[in-house]
2 protein chains.
Amino acid sequence: MRKKQSTNFANEQFLFQVCELNSAIAMISGRWKSQIVYSISQGNHRFHLLQQELPNISEAVLARQLKELENHAILLKQEIPNTVPVGIQYVLTNKGWDLVPILESLCNWGKLYSEGKEISARIISEI
Amino acid sequence: MRKKQSTNFANEQFLFQVCELNSAIAMISGRWKSQIVYSISQGNHRFHLLQQELPNISEAVLARQLKELENHAILLKQEIPNTVPVGIQYVLTNKGWDLVPILESLCNWGKLYSEGKEISARIISEI
DNA sequence: ACAATAACTAACAAAATTGTTAGTCTTTAA
DNA sequence: TTAAAGACTAACAATTTTGTTAGTTATTGT
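Keep in mind the model is a prediction, meaning the values are calculated, not measured.

## Comments concerning the relation of the copies chain A and chain B
Taken as rigid bodies, chain A and chain B are interconverted by a rotation of 180 degrees and an axial shift of 0.0 Å, the fit giving an RMSD of 0.0 Å. Classification of the inter-copy transformation places it as that of a two-fold axis. Considering only C-alpha atoms, the residue of chain A closest to the rotation axis is A:Ser29, which sits at 2.9 Å. The share of interface residues of chain A whose copies in chain B are also at the interface is 100%, consistent with both copies meeting through the same surface.

So, in structure tokens, the structure goes:
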């Protein structure tokens with residue numbers, strides 16, 4: 001449970017109010033989260049399909065991350081009509097879909113420099 | 001200190017190997033990190049200027065986040081020539097600069113939906 | 001001589017996140 | 001009737017991250 005009187009919480013709130021960038025990053029920065037979003041965008045809508053894609057995740061952890069993504073309206077849970085027992089699927093909202101190209105650009109950024117693109121900086125002499 | 005034999009560590013490594021997306025997010029997802037990068041990109045190159053921008057951060061925490069960003073080659077530390085005592089400045093590398101527009105798009109994504117853009121999802125009936 | 005500024009570091013404590021274990025419920029297949 | 005699949009939940013433990021406290025070093029202003 002989050003302690004609302006902690007410095008940690010207060011600092012998080014401060015950053016959220018400085019810029020939406022910070023809340024955006026908070027929404028996607030949990031372990032497994034962005035990979036779950038990407039995997040759903042690729043068509044893995046069912047709980048057990050996500051488990052197959054992420055073989056090291058436990059059911060409890062997957063359920064928790066899905067719920068947090070749902071709380072942030074990045075995805076939602078739907079019952080699949082006319083299924084017995086009722087099937088559940090996870091689909092991205094428009095908010096979730098809008099995130100996908102941003103995740104792709106982050107991925108490309110990471111790839112570029114892990115593949116050895118040269119890293120340097122200008123020397124700035126003036127204060 | 002990181003425990004290399006933990007499940008937590010193993011899962012992180014697994015995700016890093018699945019896609020660079022996950023390592024990219026790990027690099028920017030610490031508290032204060034993306035705000036520090038943005039603030040440096042706006043010209044706040046000095047330790048004390050960053051402290052002014054982030055009045056709730058402690059010196060120890062700022063130093064730690066800067067060191068982690070430096071370890072990921074997003075920024076680097078430079079001595080300012082001909083200063084007594086020697087001045088230190090933090091500058092973004094090209095890798096860091098490439099991140100800035102991505103952070104901006106994350107920021108816009110967050111803003112759009114916090115300002116009330118409608119959130120919805122298609123109903124997918126087929127498995 | 002003394003305090004102040006700039007830029008840190010190490011050790012520790014508090015809090016948050018992640019992972020584990022042991023359950024639940026419903027339905028279908030053997 | 002018993003087991004298995006699918007989709008969970010709650011409580012707890014392990015680990016990691018964040019924040020706190022108390023230092024350091026070098027130089028300048030008073």
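Back to the write-up after that little detour.
## Here we look at the interface of chain A and chain B
You'll often see interface size given as the accessible area lost when the parts meet. At the junction of the two partners, chain A supplies 62 residues and chain B supplies 62 residues. Applying the counting rule to chain A against chain B returns four salt bridges. The salt bridge involving A:Arg31 is made with B:Glu12; its shortest N-O contact spans 3.7 Å. Remark: the boundary between chain A and chain B carries 12 residue pairs in polar contact (both at pLDDT 80 or more). Each residue belonging to the side of chain A that touches chain B can be placed in one class, and the counts come to 32 nonpolar, 17 polar and 13 charged.

## Quick look at the protein's contact with DNA strand C
In the region of DNA strand C, 28 residues are neighbours, and B:Asn11, B:Arg46, B:Glu59, B:Lys77 and B:Tyr90 sit closest. At the protein interface, 70% of the atoms of DNA strand C within 4 Å belong to sugar or phosphate. One of the backbone nitrogen or oxygen atoms of A:Arg31 is found 2.8 Å away from a phosphate oxygen of DNA strand C. Within the side chain of B:Arg46, one N or O atom sits 2.5 Å away from a phosphate oxygen of DNA strand C. Mapped onto the surface near DNA strand C, the elements with two or more residues apiece are helix H5 (59–71) of chain A together with helix H1 (7–18), helix H4 (47–53), helix H5 (59–71) and strand E2 (87–92) of chain B.

## Section: the protein's contact with DNA strand D
Neighbouring DNA strand D are 28 residues, the closest being A:Asn11, A:Arg46, A:Lys77, A:Tyr90 and B:Arg64. A distance of 2.9 Å separates a phosphate oxygen of DNA strand D from a polar atom in the side chain of A:His48. For the surface near DNA strand D, the elements supplying multiple residues, two or more each, are helix H1 (7–18), helix H4 (47–53), H5 and strand E2 (87–92) of chain A together with H5 of chain B. Here the residues of the surface near DNA strand D sort into 11 nonpolar, nine polar and eight charged.

Quick notes on the rules
- Residues numbered from 1 in each chain as written.
- Chains lettered and ligands numbered in written order.
- Predicted model: local features only at pLDDT ≥ 70, side-chain atom pairs only at ≥ 80, totals over all residues.
- Heavy atoms only, no water.
- Least-squares fit on C-alpha atoms with pLDDT ≥ 70 in both.
- Contact = heavy atoms within 4.5 Å.
- Salt bridge = Lys/Arg side-chain N within 4 Å of Asp/Glu carboxyl O.
- Polar contact = N/O pair within 3.5 Å; in protein donor to acceptor, adjacent residues only side chain to side chain.
- Nonpolar A, V, L, I, M, F, W, Y, C, P; charged D, E, K, R; others polar.
- Near = heavy atom within 4 Å.
- Helix = DSSP H or I, 4+ residues; strand = E, 2+ residues; numbered from the N terminus.

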